[in-house]
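Here are the chains, one letter per residue:
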Amino acid sequence: MDGGFHPPTAQHALRQGVTVADNVAAFVAGRAPVEFRFRTIGVLVALGHRTAAAEIRGRRFAGLVAWLLWRGIYLSKLPGVEKKLRVLFDWTLDLVFPRDIVVTAAAPRRSKVRAQ
């Protein structure tokens, strides 16, 4: 193994973990380990209010289409039906109701003028 660079992303880490597990099993069974090989499937970036950028298998997407791809792939990766339904319900509420914005900055202080 050449120790080449792989991006520090979950996509790579998950697949590296599978390769490590297979190599441990291979070692125990007396087989030779295999080298980790992986090509990125794509990159998705949510940019804000219903907009995103994506490159999947060399094809580029932007705007609402990329945002829908990002949401769909994110949802598909969540573990379990309950979690997927909770997130989908939350996203649906976000489409119906306005953003819940809370101001956390302190109000400016008024200076006190002393009468002399």
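Small disclaimer: the values here were computed from a predicted structure and weren't measured.

Student: An account of the environment of T40 is needed here, citing residue identities and associated values.
Tutor: On the secondary structure map, T40 appears in the loop between α1 (10–28) and β1 (42–48). Considered as a pair, T40 and R57 are 17 residues apart in the sequence and their alpha carbons are 8.0 Å apart. Those residues within four positions of T40 in sequence are excluded, and the remaining contacts are Q11 and H12.

Student: Quick one: what's the story with the layout of surface pockets, residue by residue and with numbers?
Tutor: The gaps left among the atoms become clear once a water-sized probe is rolled over them. Roughly 600 Å³ of internal volume is contained in the largest pocket. Lining the largest pocket are 17 residues, and of these Q11, G42, L44, I73 and K77 sit closest to its centre. Secondary-structure elements contributing two or more residues to the lining of the largest pocket are α1, β1 and α2 (64–77). Counting residues per element, the lining of the largest pocket draws most heavily on α1, at five residues. A breakdown of the residues in the lining of the largest pocket according to their chemical character gives 10 nonpolar, five polar and two charged. In this model, the second largest pocket occupies a volume close to 270 Å³. For the second largest pocket, the full set of lining residues is G48, H49, R50, W67, R71, W91, D94, L95, F97, P98, R99 and D100. Among the elements of the structure, α2 and α3 (81–96) are those that each provide at least two residues to the lining of the second largest pocket.

Conventions we followed
- What you see as residue numbers is a count from 1 along each chain, following the sequence as written.
- Totals for whole chains, interfaces and linings use all residues, but because this is a predicted model, local features are given only for residues with pLDDT of at least 70 and pairs of side-chain atoms are given and counted only at 80 or more.
- Side-chain numbers here rest on the full set of heavy atoms in the structure, without hydrogens or water.
- Secondary structure elements follow DSSP: runs of H or I no shorter than four residues count as helices, runs of E no shorter than two count as strands, and numbering proceeds from the N terminus.
- Residues count as neighbours in contact if any of their non-hydrogen atoms are within 4.5 Å of one another.
- For cavity detection a 1 Å grid was placed over the protein atoms alone, and a set of points counts as a cavity when a 1.4 Å probe fits there but cannot get out; an open set counts as a pocket when protein lies on both sides within 12 Å along at least five of seven lines, with lining residues being those that have an atom within 4 Å of a point.
- Grid points are joined across faces, edges and corners, and a volume is the space filled by probe spheres set on the points.
- Amino acids outside the nonpolar list (Ala, Val, Leu, Ile, Met, Phe, Trp, Tyr, Cys, Pro) and the charged list (Asp, Glu, Lys, Arg) are all regarded as polar, and Gly is one of them.

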